[in-house]
Amino acid sequence: MHPFQQYCRDELDRMKTEGRYRSFAALTKSRRGFPRYTDAGGREITVWSSNDYLGLGGSDVLAEAARQAIEAHGVGSGGTRNISGNTPAHEALERELALLHGKEAALVFTSGYVANQAALGTILASMGGNWQVFSDEKNHNSMIAGMKNARAKSIFRHNDVAHLEELLAAADPAVNKLVAFESVYSMDGDIGPLAELAAVCRRHGALSYLDEVHAVGMYGATGAGVAERDGVSDQIDIIQGTLAKAFGCHGGYVAARAEVIDYLRSAAAGFIFTTSLPPALAAAALASVRHVKGATALRARHAERAARLKAAFREVGVEPMPSVSHIVPVPVGDAALCREVSRLLLEEHGLYVTPINYPTVPRGTERLRFTPTPRHEDADIERVAQAVAHVLRQVGLLRADAA
Ligand code: PMP
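Under an unreviewed UniProt entry, the name given to the protein chain is 5-aminolevulinate synthase, and the organism recorded is Teichococcus wenyumeiae. In UniProt, the protein chain has this text filed under Sequence similarities (unreviewed entry): "Belongs to the class-II pyridoxal-phosphate-dependent aminotransferase family." According to UniProt, the comment filed for the protein chain under the heading Cofactor (unreviewed entry) is "pyridoxal 5'-phosphate".

Structure below.
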């Protein structure tokens, strides 16, 4: 056996002992039944861990657009965007996304992960690599991947504008600066102070880069995200988003000034050297972005469902983490227990919620992460709150007399 093969075995054993081993849930998604899935035995399971935040993945709007595009163009795109993989749908989607964010242009990548990695990686390698990047300590792995080869990197305390300002003030005036942060943080459900962050960037001549992956579609009057809600879209230089969460589709993008987008289009390896998004996904994403723009009632119901779930947990004595968004994390604080709570909810209550363990979150802060959607009814919310309280009592994490 090669030493690497032995290494894999040892690491896997260690992950299993520490409760960090990842396994797939054997659940089948159904187009019309969302948020109900079925397990291997055909039992109905209510899913509380989907990032199809608005429940649009199975909607007729998307499915029809995708079906028509498959009929018209086939399934695979057949090449990179520059080599026969471009379609009018890709270009229309980019125009629509630019419009959504109030930017001159946008560029679509094959995922939100690739968008972050490719855009940040390309920017930070430009201008002779003379960049210092400033990164919020809770930034997503895809941004961290894009900053990997940055010549200089400073990490500022999460959402701490004063700390960022201190670091910016201490930086070499001759270096180019980029500040990267998110709006809704996906594991805690808190939201970055975008106006203050943008202002600090301006004061120090830094380029601002905002990941709105967990906000697009859900916040702002037209679903352009927290930057739209807070009226600061024009003060953020580069906005990145995904088509795979609230938009119910697939793909990622960045929106910015025309010359920045045109440069990335011709310089970002993660854009140039990979097959473009299938035309059906581009067409479905375009239909979704247009639909979601006007879906004010759906956005309101989504927010109301999240508030209702938080209240329902409190009514049964379960205190969720202090989220100000649609993400509702319930603390457990131990990897093995977190897995056990999730298993009990699935097996005994037919409820699916993923355990969030290290390295996704720091050790000791393991949690269950609930993502209510407009498709979760009152009865679902009551049922999940009762079941979570019951299971937390069962494993000794909630006092028997709580609520
Ligand atoms: N940014 C953040 C903050 C994310 O949480 C994720 C994925 N969950 C991504 C980017 C990547 O997006 P995608 O799933 O479209 O690759």
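S.K.: Please give an account of the environment of Ser59 that cites residues and values.
M.R.: The residue Ser59 is located in the loop between strand S3 (44-47) and helix H2 (60-73) in this model. Once the C-alpha coordinates of Ser59 and Arg299 are considered, the two residues, 240 residues apart in sequence, prove to be 15 Å apart.

S.K.: Explain the packing of helix H12 (residues 296-315) against helix H14 (residues 378-394) residue by residue, including any values.
M.R.: Put simply, H12 and H14 touch, their axes get as near as 9 Å, and they point 35 degrees apart. Along this stretch, H12 crosses H14, giving a crossing that reads as right-handed. Each of Arg305, Arg308, Leu309, Ala312 and Phe313 in H12 lies in contact with H14, whose residues at this interface are Asp378, Ile381, Glu382, Val384, Ala385 and Val388. Looking at the contact of H12 with H14 residue by residue, the classes come out as 7 nonpolar, no polar and 4 charged.

S.K.: Before we move on, could you go through the sheet that holds strand S7 (residues 176-182) and cite the residues and values that matter?
M.R.: With mixed pairing, 7 strands are arranged side by side in an open sheet as S4-S10-S9-S8-S7-S5-S6. The strands lining the two open edges of the sheet, one partner per strand, are strand S4 (105-109) and strand S6 (152-156). Geometrically, the sheet is characterised by an average inter-axis angle of 20 degrees between neighbouring strands, direction not taken into account. Sheet topology places S4 next to strand S10 (residues 252-256); 5 bridges connect them, and they run antiparallel.

S.K.: Can you explain the side chain of Arg81? Please cite residues and give values.
M.R.: When you line up the elements, Arg81 lands in the loop between H2 and helix H3 (88-101). At a separation of 2.8 Å, a polar atom in the side chain of Arg81 contacts the side chain of Asn86. Here Glu94 takes part through its side chain, which lies 2.9 Å from a polar atom of the side chain of Arg81. If we skip the residues at most four places from it in the chain, Arg81 touches Asn86, His90, Glu91, Glu94, Val108, Phe271 and Ser276.

S.K.: Now, about the environment of Ser325: what can you tell me, with residues and values included?
M.R.: Inspection of the secondary structure assignment puts Ser325 in the loop between H12 and strand S11 (328-331). In the structure, Ser325 is positioned 111 residues away from His214 in sequence and 9.6 Å away in space, judged by C-alpha atoms. If we skip the residues at most four places from it in the chain, Ser325 touches Val184, Gly189, Ile191, Tyr219, Ala306 and Lys310.

S.K.: Please provide a residue-by-residue account of the nonpolar core, values included.
M.R.: One finds Leu93, Leu97, Val179 and Phe181 to be the most contacted residues of the largest nonpolar core, which totals 58 residues. Broken down by element, this core gets its largest block of residues, 8 residues, from helix H11 (residues 279-293). Two domains each donate at least three residues to this core, and these are domain 1 (24-54 + 296-395) and domain 2 (60-294). In this structure, Leu309, Ala312, Phe370 and Leu398 belong to the second largest nonpolar core, which totals 26 residues.

S.K.: Quick one: what's the story with unusual backbone geometry, residue by residue and with numbers?
M.R.: With an omega dihedral of 10 degrees, the bond running from Phe34 to Pro35 counts as a cis peptide bond. Note on placement: Pro35 falls in the loop between strand S1 (27-29) and strand S2 (36-39). The step from Tyr358 to Pro359 runs through a cis peptide bond, and the omega angle for that step is 10 degrees. With respect to the helices and strands, Pro359 occurs in the loop between strand S13 (355-356) and strand S14 (367-370). The residue Asn159 is not glycine, and still its phi comes out positive at about 60 degrees.

S.K.: Got a sec to walk through the site of the ligand? Specific residues and values, please.
M.R.: Near the ligand you find 13 residues, and of these Gly112, Asp211, His214, Thr242 and Lys245 are the closest. Between an oxygen atom of the ligand and a side-chain N or O atom of His214, the distance comes to 2.6 Å. Coverage of the ligand by the protein chains reaches 84% of its 390 Å² of free accessible surface. The leading source of residues in the shell around the ligand is helix H4 (residues 112-125), at 3 residues. Residue classes in the shell around the ligand are distributed as 3 nonpolar, 7 polar and 3 charged.

S.K.: So what's going on with the pairing of strand S8 (residues 207-211)? Which residues, and what values?
M.R.: Every regular strand shows the same layout, with side chains that alternate between the two sheet faces. By the criterion of burial, S8 is predominantly enclosed, with 4 of the 5 residues buried. By the bridge criterion, 5 bridges tie S7 to S8 in an arrangement that is parallel. Looking across to S8, one finds that Glu182 is bridged to Asp211. Handedness of the crossover joining S7 and S8 through helix H7 (residues 194-203): right-handed.

S.K.: Lay out the domain arrangement of the protein chain with the relevant residues and their values.
M.R.: One can read the domain layout of the protein chain as domain 1 (24-54 + 296-395) and domain 2 (60-294). In this structure, domain 1 and domain 2 have C-alpha centres spaced 28 Å apart. On the domain 2 side, the residues contacting the 21 residues of domain 1 number 26 residues. Between domain 1 and domain 2, a total of about 1700 Å² is buried, with carbon and sulfur atoms accounting for 50% of that surface. Ranking the residues of domain 1 by area buried against domain 2 places Arg31, Tyr53 and Arg299 at the top, with a combined share of 31%. At the surface where domain 1 touches domain 2, the tally comes to 3 salt bridges. Arg32 is the salt-bridge partner of Asp60, the closest N and O atoms lying 3.3 Å from each other.

Cut-offs applied
- Residues numbered from 1 in each chain as written.
- Predicted model: local features only at pLDDT ≥ 70, side-chain atom pairs only at ≥ 80, totals over all residues.
- Heavy atoms only, no water.
- UniProt positions renumbered as here; feature names shortened; annotations may be inferred.
- Helix = DSSP H or I, 4+ residues; strand = E, 2+ residues; numbered from the N terminus.
- Axes fitted to C-alpha atoms, helices over the stretch in contact; angles between N-to-C directions.
- Left-handed = near helix turned anticlockwise from the far one by under 90°.
- Contact = heavy atoms within 4.5 Å.
- Nonpolar A, V, L, I, M, F, W, Y, C, P; charged D, E, K, R; others polar.
- Pairing = 2+ DSSP bridges.
- Polar contact = N/O pair within 3.5 Å; in protein donor to acceptor, adjacent residues only side chain to side chain.
- Core = buried A, V, L, I, M, F, W, Y, C linked by side-chain atoms within 4.5 Å.
- Buried < 20%, exposed > 50% of the residue type's maximum accessible area, 1.4 Å probe, protein only.
- Domains from an automatic or database assignment.
- Near = heavy atom within 4 Å.
- Areas by Shrake-Rupley, 256 points an atom, 1.4 Å probe, with all protein chains shown as cover.
- Right-handed = clockwise from strand over helix to strand, strands pointing away.
- Buried area = accessible area lost by both parts, 1.4 Å probe.
- Salt bridge = Lys/Arg side-chain N within 4 Å of Asp/Glu carboxyl O.

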